[in-house]
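One-letter residues, chain by chain:
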Amino acid sequence: MRAALTLVLLAALAAVCAARAFDRDAHAPDVTVLSFEWKYAGYGSAETLKHNESGANDIPSHKIARGTVYVFKYTARVTLKNTGAKAIKAVSWEYVFTDEKERKELKRYKLHSKQQILPGETQTLTVGLGLDPKDKTSHIATGKQSVEITKLEYSDGSTWKR
């Protein structure tokens, strides 16, 4: 009986420690997400590169065809505050759309911004995206939006990674 109680207490303690470790790693240190926005920015063209269909990786440049496709343009924005003591030089972040009812992720866009954010400073990072009209975009209208910081690069050469 005593051994079973000890095992239950140890399992509970391990679960609490794991939850704390996960929670600590879930948010980027030294940066706070103040706001974010996903906005339609129009319809336009984008240049593409098409390789020949042989699948060879060493294709000469004269065998690469340039083309134009039409895309839906969107702008992803996040406003961050650097609450730490070190200047940030770049941020990797993900714009996530989730279905709250099903509790599943619908779509995740991985973004990177090279922009200095000094200690105590607030900056808005903006990235433009082009989505193929053939791709499903219902997640934009129906999904709950969130932003996750995945990597911080500091001016002193150090990094934090989720």
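In the block above lies the structure referred to throughout.
Throughout this document, residue positions are counted from 1 along each chain, in the order its sequence is written. Residues qualify for local features only when their pLDDT is at least 70, as the model is predicted, and side-chain atom pairs are given and counted only at 80 or more; totals for whole chains, interfaces and linings, by contrast, use all residues. The basis for every side-chain value is the complete set of heavy atoms in the structure, and neither hydrogens nor water enter the calculation.

**What to know about the overall build of the protein**
Then step 1. Runs of H or I in DSSP of at least four residues are treated as helices and runs of E of at least two as strands, each being numbered from the N terminus. The number of helices and strands found in the protein is two helices and seven strands.
Then step 2. Element order for the protein, N to C, with α for helix and β for strand: α-β-β-β-β-β-α-β-β.
Then step 3. Expressed as a percentage of its 162 residues, the buried residues of the protein come to 28%.
Then step 4. Whether two residues touch is decided by their heavy atoms; if any such pair falls within 4.5 Å, the residues are in contact. In the protein, the share of contacts with a sequence separation of at least 24, taken over all contacts with a separation of at least 6, comes to 70%.
Then step 5. In these tables, accessible area is a Shrake-Rupley quantity obtained with a 1.4 Å probe, and a residue counts as shielded only by the protein chains included in the view. Element-wise, carbon and sulfur atoms account for 52% of the exposed surface of the protein, whose accessible area totals about 11,300 Å². Accessibility here uses a 1.4 Å probe with only protein chains present; expressed as a share of the type maximum, an area under 20% marks a residue as buried, one over 50% as exposed, and anything in between as partly exposed.

**Considerations on the environment of aspartate 132**
Then step 1. As for its position among the elements, aspartate 132 is in the loop between β5 (122-131) and α2 (138-142).
Then step 2. In this structure aspartate 132 comes out as partly exposed when scored by relative accessible area, which is 32%.
Then step 3. A polar atom in the side chain of aspartate 132 sits 2.8 Å from the backbone nitrogen of lysine 134. Pairing of N or O atoms within 3.5 Å defines a polar contact, subject to two protein rules: one partner must be a possible hydrogen donor and the other a possible acceptor, and residues neighboring in sequence count only if both atoms are side-chain atoms.

Remember that the coordinates give geometry; whether it matters functionally is a separate question.
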